[in-house]
Each structure stands twice: as structure tokens, then as C-alpha cells.
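Coordinates in review
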Amino acid sequence: MRRAPGPLAALAAAAIVIAFSTGHPLVLGALALGALLLFGAAPGRPSRLFLLGGAISGLSIAVINPFVSAEGDLILWSGPEVALIDLEVTLEEVLAGVAVGVRLFAVAVLVGAVLAHIDADRLQAQVARVAPRSALTCALAARLMPTLERDARAIVETARLRGVALADGRWPGRLRRAAPLALPLLGSSLERGLDVAEAMTARGYGSGPRTRVVEPRHTAAERAVLSRARGGHHLARPGGLLLLPDPRRGHRPGGRGRRGGHPGGAGRRGAGAAPVIAATARDLRFTHGGAASPALDGIDLDVMAGEVLVLEGPSGEGKTTLLRALCGLVPHFHGGRFSGRVEIGGHDTLTTDPARICRLAGLVFQDPEGQAVLGSVARDVAFGLECAGVPAGLIPGRVQEALAAAGAGHLHDRAIGTLSGGERQRVAIAGVLAPGPRVLLLDEPTSQLDDRAAAELMATLRALADGGTAVVITEHRSDRVRATADQVLTVRGGRLGGAEDPAEPEAPSPAGPAGPVRARLEDVTAGHPGRAVVRHARLALRAGEVTTLRGPNGSGKSTLLRVLAGLHPAAAGRVLLEGEDVTEVPAERRFPALGFVGQ
């Protein structure tokens, strides 16, 4: 847990101000040295990207500046005349470039020290009270670096799994092998910044006041229909009116799905109730920038209040793009050609601020890592409630309710960075459920959930739909969602069609005789600091066999495989590969005998 803002953080912040107000090389050098000391004294393990980025940027400026500026008379080197380029290097130009480079390095390291010494989530919350727009910059700075650090770690791990020994040999060889890995990271930095901004917008940040409750607005027809929802009780929520069924009354399944829906679905609106359109799309067309064919090609769709709509279809056919269009992120965050009309609660998504639309239509991203905005579970789930202006006294209870509904109540006090993929997905779902959106959009919500968690999630979504929320789900695993659906549609080539019969799984070929043991784990214990995830695990993998690891989210499946691949250290036990003890052997030296595909 990071410490609250203290003297060291205040000292680092003051040093940043001094760095921008002076140009004296000696003062800047002293600041750079002090920045390194503050960075080294930071609690936990601060991001090294601040050091690396500051060093590379500062050195680049120091080298380039003498060739792009023209000052001073003491010439140190003179080259041939080239148009538009000054090839005379003066002492003054060198000193100025060094000063700017050192300043840039010092500021980068000091920013890393500030973020390491303070609670970034608390800082953002405090800034948001007085300057909401500045809080966006604060959040981007606080969340972008950990995101880039994860990207860098993933790139390095991928290289190691392919046999690239980054840590072997002398520094020139290390730098030569590491240089190609920096290009993908630098190229994705701007994209990652946009991803963080999109995640914040999808959670309702950036539009309107954050300190007052926005009263729900419903038409007379909507109020009449919602008031007749059976067994429901009203909860006034900033994004709309959410009706939850009385938990004391059991769920009563209805008849066949509406409008050609799946037979297992239920028509859940009360008898005689007039339909209420929660979201609509008319002649929706969208083509990504540079794409030859449209991602959405003439979509006409009505999503009804109280309905669970499932969108199926192969990957790359437009399901995710359609969800983003329904919450306004397309086209506002995704360049391309857009035509047609999309409305949520009477608001045109093309002319309404996307953050305001996202308060009415909550989206759960396909990648749960991209959804997190703050560093702890409780604060991240509370983020959408704060954006909606929910009174502070009501937020803790609403956070607990949302986490419980997503099956993540036990994760309340955890840090986002310590969660497994399935646990991250539960928290992402809770963060979108908490504000009670009128339309709930979920992109592959069960992809990283175990069977029990998936069943519990679908029961929660069914209950929300029974209370009047429109639920739209994209999912490849139709067996998990069809029984809950009121309507199933297929997306192919950017167009909507009726439900298709699920493909029958191919019968597995008969297993041959098991071969020798290729890999073995003996009494392996592994986990995170202070918390063991896997204890005394034993596993033998034989040639010719397919072994499946099953278990609930967070039970250690990924940790076990990472230990086998050499990406996670084993606290106890042995790892054997082809009979050889490789417990202390790095991942790159286990290649090509072992290959690993991450989650």
C-alpha cells in the first residue's frame, strides 16, 4: 500500500518547480542527483520506466540540440554546409543541450518519485474536487506508466520465451538485443494513453458536474412500464432508474424468447406491458480508418428495456464495434467513416458527449485490464459512482453491492495489480454495474470466468433485466448465455441476422499410449509477496497427452504455468524439463523445449 502524501513527496514536487525555473547546469545536476536519491528511497518498487524514459529523452535532447540551435561564438566543431541544418557546434549549444537534457531527466525521475511516494488514487480524487479537467491529466499520468510497464514486461517475456537472452553478456550486447523491443513499446505509448482516456470516458468521466446527483429522466411510458415490473423495488440512480427484483421472490421463468429469440429465453416483461426501446440503431454504418470493408454495414436494431440480447458470431465480424457504437465510443474514440443514427434514452450518440452517453449505457470491455482506472479494487469500482455524482456517504454501500453482484466481494481490499485475469474481469463488471446504467453492454464477459462465476453473472444479468435494464452481451460460448437470452442475433460481415444453431463439437480422436514424462513439477509452492497461490503442487506432463488445468478464478492455474515456463519464481519445490532440473534456469534457456502462450 502506498503511503499518503508526505514530506518526501512534497520535496520532490518542489524540486520539479525548481527544475522548470532554473537553467544553471550545476543546479540541474544537483536536482538530478537528488531525484535519484528520492526515487531510490521510494516505498515498494517504483517504475523503472521513469528512469529509462528520462535517460533516453535527456540524452537525445543533449545530442540533437547543438545541431538545431544557433547560439554562441566558441566553435568546437564545424562540418560541411547543409541546407537548413547548422553543422557548427558551439560550446554554448552543448551546454544548453546538456542543461535541457538534465532537466528533462530530473523531472521524469522526480515525477516517478512523487507517484511512488503518494497514493495516486487519493491524489486524483482530491484534484477532481477542485479541477476535474486537471484530474484527467493526473489520472493519465498515474495509470499510463503502470500500463506501459506491463506492456514492457509482456514484450520482454515474449522475447525470453523465444530464446532471446536479454541479460546475458556485456552491456553493448544487451542493448543491441533490447533495442528492437523498445520500438513496439514506444509506438504504442500514444495508443495506450488513448486507451486510458477511453476507459475513463466509458466509466462516465469528463461530462458535467461530479458533485451532485443527476436525477433520472424517464418518459411517461417508461415510468408506467417500469412501475409494473413484477416484484421490483425502485433504486434512484444517477444514470437512470434501476429496478431490482425482490430477492425474497424466486425467479419465475417465462415463455419463449421474443422476436425469434432462443427457446430457452424468457419473455420477462409483465403481461400487457408496452415495449420500451432503451437503445436504437438505424442504418448504422462504420468503416475504420484505412479499412477496405465496413465493420458495420446497415445495422438496424432496437434493444428493449428488460431484455437480454445476445450477439453471436465469429471474431472480427463487428460485434465489439457495435457495442462501442451503442455507447458512443464509436466514432468519438475510433476514427473512420460513420453514418446512420444511434440513440440511447433519446440522446443521439453522435451529437452527445460520449461520457454522458456512457453514464446511460455502461460497457464492460473485452480486455478487463484496459477497464481499470484506479489502483485498488474498491476505489476503481467507486470511480463511476463519483463521476455520476453519487453522495459520498452512499458510495461504500453501492461498491459492496456491485462487488457482491459480480462475485467479487472478497476482492474489496485487493490491489488491481495483484488480481488474476478472471478476478480482473469480475471487478470490471462490478465497476460498470455500480452506477446502474439503463443499458448494460458486455463484451465477452465470461471469457475469463470459471463455470460457477459465469452462472452467477448470468443470474445477476437476468435479475437486472427483470428490473428494467436492457442487457446486450457478445459471447462466443453460447452454452453459457443462451438459456438467459430473450433474443439471439448473429453478426456477420457487419450485418445482423437471426440466431444460428451452434456447431456440434468434433469428437476427440482416441488417445494413444502415453509417452515419457516431458515436464514435471515436484512440491512447487509459488505466489505473490505475503500470499501463496500454489502450495505443494505436483504435476507430470507426458508426451502424447493433453492435460487440462481447471479451477476457480485466482486458484493459481496461470501461476503454475508461469512457474513451469520460468516466468515466475518457485518459492519451494523443483521444476524438471526432460528430466533435468531447471528450477533456476531462466525462461530463455528453456526454449525451444518449452513453449508458452499467455492468457
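Reference entry: report on the structure contained in this document. From a predicted model like this one, the values you see are computed outputs, not experimental measurements.

A few points about unusual backbone geometry
The omega torsion of the bond from Val 330 to Pro 331 falls at 10 degrees, within 30 degrees of zero and hence cis. Assignment of secondary structure puts Pro 331 in helix α10 (residues 329-332). With an omega dihedral of 5 degrees, the bond running from Phe 591 to Pro 592 counts as a cis peptide bond. For Pro 592, the location among the structural elements is in the segment after β18 (580-581). Despite not being glycine, Glu 444 has its phi angle at roughly 50 degrees, a positive value. Among the secondary structure elements, Glu 444 is positioned in the loop between β11 (439-443) and α15 (451-466).

A few points about the pattern of salt bridges
Any two side chains of opposite charge can pair, given that their charged atoms come close. Per the counting criterion, the structure on display carries 23 salt bridges. We note a salt bridge from Asp 466 to Arg 462, for which the minimum N-O separation is 3.3 Å. Here Asp 466 and its partner Arg 462 are both found in helix α15, four residues apart, which amounts to about one turn of the helix. Summarising the burial analysis for this pair, Asp 466 and Arg 462 share the class buried.

What to know about the packing of helix α12 (residues 377-387) against helix α13 (residues 395-405)
Close contact between α12 and α13 brings their axes to 9 Å; oriented N to C, the two are set at 110 degrees. What the angle tells us is that α12 and α13 run roughly perpendicular. For the crossing formed where α12 meets α13, the hand is right-handed. Facing α12, whose interface residues are Val 377, Ala 378, Val 381, Ala 382, Leu 385 and Glu 386, α13 presents Ile 395, Arg 398, Val 399, Ala 402 and Leu 403.

Some remarks on a nonpolar patch on the surface
Taken together, the side chains of Leu 59, Val 63, Ile 64, Phe 67, Val 68, Leu 74, Leu 76, Trp 77, Leu 91 and Leu 95 define a hydrophobic patch exposed on the protein surface, amounting to about 950 Å² of accessible area. Looking at the nonpolar patch, the elements that each hand over two or more residues are α3 (49-68), β1 (75-78) and α4 (91-117). At five residues, the largest contribution of residues to the nonpolar patch is made by α3. In this structure, Val 63 sits in helix α3.

A word on the sheet that holds strand β6 (residues 296-304)
Spatially, β6-β5-β8-β9 is the arrangement adopted by the four strands of the open sheet, whose pairing is antiparallel. With one partner strand each, in any of the chains shown, β6 and β9 (347-348) form the two edges of the open sheet. Looking at chain direction, strand β5 (residues 277-288) and strand β8 (residues 336-344) are connected through eight bridges and run antiparallel. In the strand pairing of β8, Arg 282 is matched with Arg 341. Sheet strands in contact with helix α9 (residues 319-326) are β5, β6 and β8, and its direction is about 60 degrees off that of β6.

Definitions and limits used
Residues numbered from 1 in each chain as written. Predicted model: local features only at pLDDT ≥ 70, side-chain atom pairs only at ≥ 80, totals over all residues. Heavy atoms only, no water. Helix = DSSP H or I, 4+ residues; strand = E, 2+ residues; numbered from the N terminus. Salt bridge = Lys/Arg side-chain N within 4 Å of Asp/Glu carboxyl O. Buried < 20%, exposed > 50% of the residue type's maximum accessible area, 1.4 Å probe, protein only. Axes fitted to C-alpha atoms, helices over the stretch in contact; angles between N-to-C directions. Parallel < 35°, antiparallel > 145°, perpendicular 65-115°, else oblique. Left-handed = near helix turned anticlockwise from the far one by under 90°. Contact = heavy atoms within 4.5 Å. Patch = residues over 30% accessible without salt bridge, like charges linked within 9 Å, V, L, I, M, F, W, Y side chains within 5 Å. Areas by Shrake-Rupley, 256 points an atom, 1.4 Å probe, with all protein chains shown as cover. Pairing = 2+ DSSP bridges.

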